[in-house]
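The chain contents come next:
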Amino acid sequence: MTGLATRGATAKVNLALSITGRRADGYHLLDSLVVFTGFGDTLQAEPAAADSLDLDGPFAGALAGSPQADNLCLKARDGLRALAAARGHEAPGVALRLTKAIPVASGVGGGSADAAAVLHLLCDLWRFTADPDDLAQLALTLGADVPMCLANRPLRASGIGEALTFVDGLPALPMVLVNPGVAVSTPSVFRALESRDNPPLPAIPRLASVRETVAWLGGTRNDLEPPARRLAPAIDGCLDAIRQTGALLARMSGSGATCFGLYAADTEAQAAAAAIASRHPDWFVTATRSLASPA
Ligand code: C5P
């Protein structure tokens, strides 16, 4: 095993999300265009005599109250160790450090991205080449969004979020992420849905520019936005604040409460973030851009 390894756990944004049905076990079927951003948490892993997890960063406090055993990073570590053991591969002690920059329970996949980053990091650290299907299956046991976070590129997710089709040609999208400081419970938002049988997303054409992407997104929605806004009216304030900056599109991501605004240029996203942050100093606001499809 080698020394300290570091990996980003980037926030995901659901540019569009349709709820198309519900499975017998209560999980919802969906159809979503997902991108990952340049913004996120950071995971570090280092060989150690005993396992540990340290937390720091602006949102570490939000996790400090929960039992460590609930932390998805530890579930990912333990799951991967069990997978390695089943293949006769040694997976010794590891000291993990999570620098939490993504607001907790905020619809941009923070916990799922952390779990995916731990899987990638520990495969490297333990020099364990996991079978991709085994890894995807383990990821899904950790959460419906963990498989997409493992992929970390523009994709269309269906099933309960685990059936992934990569989307080629999508450009980087300048954006702001805004969260009003309200943690929204994902199961509550799903429970509050009025309709669960909505049409899937339209076919995704080749979207070569920000404007083409925004035009296509105009014919889509996030079906979780209306129930989330009823549960957390602060989301309305976020969407209004983003619209006031002249964003090309303002929408909520996932089950909220984080909202995103899309812009034609990074400079516009940065100016918008500065304007929103000055009016709402208690909100989480950042300018970032989504990662383009790999060439
Ligand atoms: O899989 P994960 O633990 O992230 O999901 C959290 C909760 O969100 C689930 O227990 C379920 O209530 C809801 N959910 C759902 N349909 C999905 C994903 C999540 O109903 N596709």
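What counts, and at which threshold
Residues numbered from 1 in each chain as written. Predicted model: local features only at pLDDT ≥ 70, side-chain atom pairs only at ≥ 80, totals over all residues. Helix = DSSP H or I, 4+ residues; strand = E, 2+ residues; numbered from the N terminus. Rg over C-alpha atoms; globule rule 2.2 N^0.38 Å. Buried ≥ 20, exposed ≤ 12 C-beta atoms within 10 Å, placed from the backbone. Contact = placed C-beta atoms within 7 Å. Near = placed C-beta within 6 Å. Nonpolar A, V, L, I, M, F, W, Y, C, P; charged D, E, K, R; others polar. Domains from an automatic or database assignment. UniProt positions renumbered as here; feature names shortened; annotations may be inferred. Axes fitted to C-alpha atoms, helices over the stretch in contact; angles between N-to-C directions. Left-handed = near helix turned anticlockwise from the far one by under 90°. Pairing = 2+ DSSP bridges.

J.: I'd like to hear about the overall build of the protein chain, residue by residue, with values.
T.: The helix and strand tally for the protein chain stands at ten helices and ten strands. What you see for the protein chain is a C-alpha radius of gyration of 19 Å, in line with the 19 Å of a compact globule of 295 residues. In terms of overall dimensions, the protein chain has C-alpha extents of about 55 × 40 × 40 Å along its principal axes. Put simply, the protein chain has 295 residues, and 44% of those count as buried. In the protein chain, once contacts between residues fewer than 6 apart in sequence are set aside, the share between residues at least 24 apart is 76%.

J.: Explain the site of the ligand residue by residue, including any values.
T.: Taken together, Tyr27, His28, Leu30, Gly143, Ala144, Asp145, Ile160, Gly161, Thr186, Pro187 and Phe190 make up the full set of residues adjacent to the ligand. Going through the elements one at a time, β2 (28-47) and α6 (186-191) are the ones with two or more residues in the shell around the ligand. A total of three residues in the shell around the ligand trace back to one element, the largest contributor, which is α6. Here the shell around the ligand is composed, by residue class, of six nonpolar, four polar and one charged. Taken together, domain 1 (5-165) and domain 2 (169-289) each give at least three residues to the shell around the ligand, which thus spans both.

J.: Account for the UniProt feature "binding site: ATP" (unreviewed entry) in the protein chain, with residues named and values stated.
T.: Those residues carrying the UniProt feature "binding site: ATP" (unreviewed entry) are Pro103, Val104, Ala105, Ser106, Gly107, Val108, Gly109, Gly110, Gly111, Ser112 and Ala113 in this numbering. Among the structural elements, Gly109 can be located in the loop between β4 (94-99) and α3 (110-125). The exposure class of Gly109 is buried, given the 29 C-beta atoms found within 10 Å. Those residues in contact with Gly109 that sit more than four places away from it in its chain are Ala11, Lys12, Asp145, Cys149 and Gly254. Its location among the elements puts Gly111 in helix α3.

J.: How would you explain the packing of helix α2 (residues 72-86) against α3 if you had to name every residue and give the values?
T.: Contact geometry for α2 and α3: axes closest at 8 Å, N-to-C directions at 35°. The two elements α2 and α3 meet at a crossing, and its hand is right-handed. Only Gly111, Asp114, Ala115, Val118, Leu119 and Leu122 of α3 make contact with α2, whose side of the interface consists of Leu72, Cys73, Lys75, Ala76, Arg77 and Leu80. Of the residues belonging to the contact of α2 with α3, the class tally is eight nonpolar, one polar and three charged.

J.: Describe the environment of Gln137, listing the residues and the values that go with them.
T.: Looking at the element boundaries, Gln137 is found in helix α4 (residues 132-142). Given 14 C-beta atoms within 10 Å, Gln137 falls into the partly exposed group. For Gln137 and Glu162, which are 25 residues apart along the polypeptide, the C-alpha to C-alpha distance reads 9.2 Å.

J.: A description of the pairing of strand β5 (residues 155-158) should follow, citing residues and the corresponding values.
T.: Side-chain alternation along β5 places Leu155 and Ala157 on a buried face and Arg156 and Ser158 on a face that remains uncovered. Where β2 meets β5, three bridges bridge the pair, whose relative direction is antiparallel. When the sheet's bridge partners are listed, Val34 is paired in β5 with Leu155. Relative to strand β6 (residues 163-166), β5 runs antiparallel, the two being bridged by four bridges.

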